[in-house]
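# Structure assessment
What follows is each chain in one-letter form.
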Amino acid sequence: MKFFSTFRIRLLIILALLLVTTLSVQFYLNIRTQDENIQITEMREQALLAGFALGVNSISSGDRLADFVKSAGQSFYNEKTAKRIKDILIINQKWQINDSLSDKYLPTQDANGELLNLDLKDARDLPPLMEKREKLGPDIENFPNRDRSDDLSSDREAHAIPIETSEGRYYVMVILENDRKERATRAAQPVVYMLVVLLLSSFITFLLVWRFTRPIADLSKAAKRVAAGDLDFRLRDAARTDEIGELASQFNEMTSELKKTRELQAQLQEAEKSAVVGRFASAIAHEIRNPLNFINLTLDHLGKKFKPREPEQKETFEKLTSQVKTEIERINQQIIDFLRYSRPIKLDIKPTAIRNVIENSLRLVEPQAGELGIKLSVVERGEVPAVAGDAEILRSVFNNLFINGVQAMENRGGNLNVILSSDGEWVNIEVKDTGGGIAAENLTKIFEPYFSTKETGTGLGLAIAKKSVDDHRGKLSVKSEIGQGTSFTVTLPKAK
């Protein structure tokens, strides 16, 4: 397995990439935030300097601030600084507001027409003062907005700058816009970017977890199916090149070996069963067939020496002896079937015309089929080649199938159809009847020896037929439906 194909290495690489991406995004956000802070600081300083310059010029020239900002040639109060500067207050040595950009703090006239300046202490709605006591000294006590620099709820901020004049110390207070929305946006940007990185990381983690856990879940389901006996199931992930693929491949190999082991166990059990049956058959064959032969010969002797002369007695005597000989033949045939199943068959494999074998077998059941109203037919689909088989053994196989088919329809009549076809290297012979069908619970048992649903059956016919087909390296299968009939399919190799 290649080094970079392992799941662990891939996971480490992806986690490393996520870490590098996160750090890179954080570094980019820090640089961007620093640049924005520098720009904001520069803009604030420019606005503050512009406001201070306007205040100084107003004090030195005696012009009103509102008139000065409208005068031609001044470059302090422009479009950029106007967005930041919300007001400028001129505070004289008496701590009164001499001038302001807004009408709110401008001097008023009394009844005598004299100007009355607003005391600074009465301006209670001023924004927080940013300068501390260390910078303004004792003068800070005269500012009503002192000690409020930590008030983050205000959207404006005030800066007081002292100016020494011939009349005493003046102050220029510049009120700047403190855009909370812009500040919130700047604060939210890193959160948004990190949220995007987090969502991306979570999505990639989800894909990794799903890719890792799905095969494990499939493996768990496969283990349950195998435990239930389904040894044909295979995992699809065996083609992967990581640990999951290796695990799936080993699981499939294990399942394949379990299937081979089961097949070997079945063959061993079958061999043990055949060995037991063979020993039993050898033991009883001698004990039963010799007395049967003696009885048969004795009947022949009685028929010749002691046959009655009177016609009625003679007819009765012949009928009884014939029935006894028939029963002896039936018992002898059962012993032959028993020995045939228990002993290995020596096959004489030759190219065999399977249609001739089938037609010869059908002649065996033609008389009984005619009496029961059963129609026999042979259909050949396309050109059917010769099979590699022993004609006599195959005739016995089809004898069993045809006899079973006729017996299945003896109370209802019907059709017994034989369909021949070729599929590549194989020849298929389907024997289909229209009888009562076989119950589903019996389909898996009908090829077992000594299993029979007939009262007089030995249960060896289909077992011998399957064994004979297996000896030909073929296959015998069955399909049936209650009330519809049964279909046996014999698959044999084509002759080379």
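Below is a summary of the structure that appears in this document. Residue numbers restart at each chain and count upward from 1, following the sequence in its written direction. In keeping with the model being predicted, local features are shown solely for residues with a pLDDT of at least 70 and side-chain atom pairs are shown and tallied solely at 80 or more, while totals for entire chains, interfaces and linings include all residues. The basis for every side-chain value is the complete set of heavy atoms in the structure, and neither hydrogens nor water enter the calculation.

### Some words on the sheet that holds strand β7 (residues 168-177)
Two orientations exist for strands paired in a sheet by backbone hydrogen bonds: parallel and antiparallel. If you walk across this open sheet you meet the 5 strands as β5-β2-β1-β7-β6, and the pairing is antiparallel. Across the chains shown, the open sheet's two edge strands, defined by having one partner strand only, are β5 (118-119) and β6 (156-165). Here strand β2 (residues 96-100) pairs with β5 via 2 bridges, running antiparallel. Each bridged residue has a counterpart across the sheet, and for glutamine 96 the counterpart in β5 is aspartate 119. By definition, two strands form a pair when at least two bridges between them are found by DSSP. A run of H or I in DSSP becomes a helix once it reaches four residues, and a run of E becomes a strand once it reaches two; helices and strands are each numbered from the N terminus.

### A look at the nonpolar core
What is meant by a nonpolar core is a set of buried Ala, Val, Leu, Ile, Met, Phe, Trp, Tyr and Cys residues, joined one to another through side-chain atoms within 4.5 Å. When a residue's accessible area, from a 1.4 Å probe over protein chains only, is under 20% of the maximum for its type it is buried; when over 50% it is exposed; and in between it is partly exposed. Ranked by internal contacts, the top residues of the largest apolar core, which has 33 residues, are Ile354, Ile358, Phe398, Phe402, Ile429 and Phe488. For this core, the secondary structure elements donating two or more residues are α8 (354-372), α9 (391-408), β11 (414-423), β12 (426-433), α10 (461-471), β13 (475-481) and β14 (485-493). In this analysis, two residues are considered to be in contact whenever any of their non-hydrogen atoms come within 4.5 Å of each other. Not counting residues within four places of it along the chain, the set of residues in contact with isoleucine 358 comprises Val378, Phe398, Phe402, Val418, Leu420 and Ile429. Within the second largest apolar cluster, 17 residues are counted, among which are Leu129, Phe143, Ala158 and Ala160.

### A closer look at the packing of α9 against α10
An axis is simply a line fitted to the C-alpha atoms; with a helix, the fit covers only the stretch in contact. Between two such axes, the angle follows the N-to-C directions and lies from 0 to 180 degrees. It is at 9 Å that the axes of α9 and α10 come closest, and there the two elements cross at 145 degrees. Seen from above, α9 lies across α10 with left-handed handedness. Taking contact as the criterion, the partners of Ile393, Val397, Asn400, Leu401 and Asn404 in α9 are, on α10, Gly461, Leu462, Ala465, Ser468 and Val469. Under this grouping Gly is polar, as are all residues other than the nonpolar Ala, Val, Leu, Ile, Met, Phe, Trp, Tyr, Cys and Pro and the charged Asp, Glu, Lys and Arg. When its residues are assigned to classes, the contact of α9 with α10 shows 6 nonpolar, 4 polar and no charged. By definition, turning the near helix anticlockwise from the far helix through less than a right angle yields a left-handed crossing, and turning it clockwise yields a right-handed one.

### Re the side chain of asparagine 399
Structurally, asparagine 399 can be placed in helix α9. Judged by its relative accessible area of 18%, asparagine 399 is buried. Residues within four places of asparagine 399 in sequence aside, it is in contact with Ser361 and Leu364.

### Details of unusual backbone geometry
The residue tryptophan 95 is not glycine, and still its phi comes out positive at about 60 degrees. Secondary-structure assignment places tryptophan 95 in the loop between β1 (85-91) and β2. One non-glycine residue, arginine 473, adopts positive backbone phi at about 60 degrees. When its relative accessible area of 71% is taken as the criterion, arginine 473 is described as exposed.

### Observations concerning the pattern of salt bridges
Any Lys or Arg side-chain nitrogen found within 4 Å of a carboxyl oxygen on Asp or Glu counts as a salt bridge. Within this structure, the stated rule accounts for 19 salt bridges. In this structure, glutamate 177 engages lysine 86 in a salt bridge whose closest nitrogen and oxygen atoms are separated by 3.8 Å. One end of the pair, glutamate 177, is in strand β7; the other, lysine 86, is in strand β1, with 91 residues separating them in the sequence. Aspartate 125 is the salt-bridge partner of lysine 104, the closest N and O atoms lying 1.9 Å from each other. Separated by 21 residues along the polypeptide, lysine 104 in the loop between β2 and β3 (108-109) and aspartate 125 in the loop between β5 and α4 (133-136) bring together distant segments of the chain.

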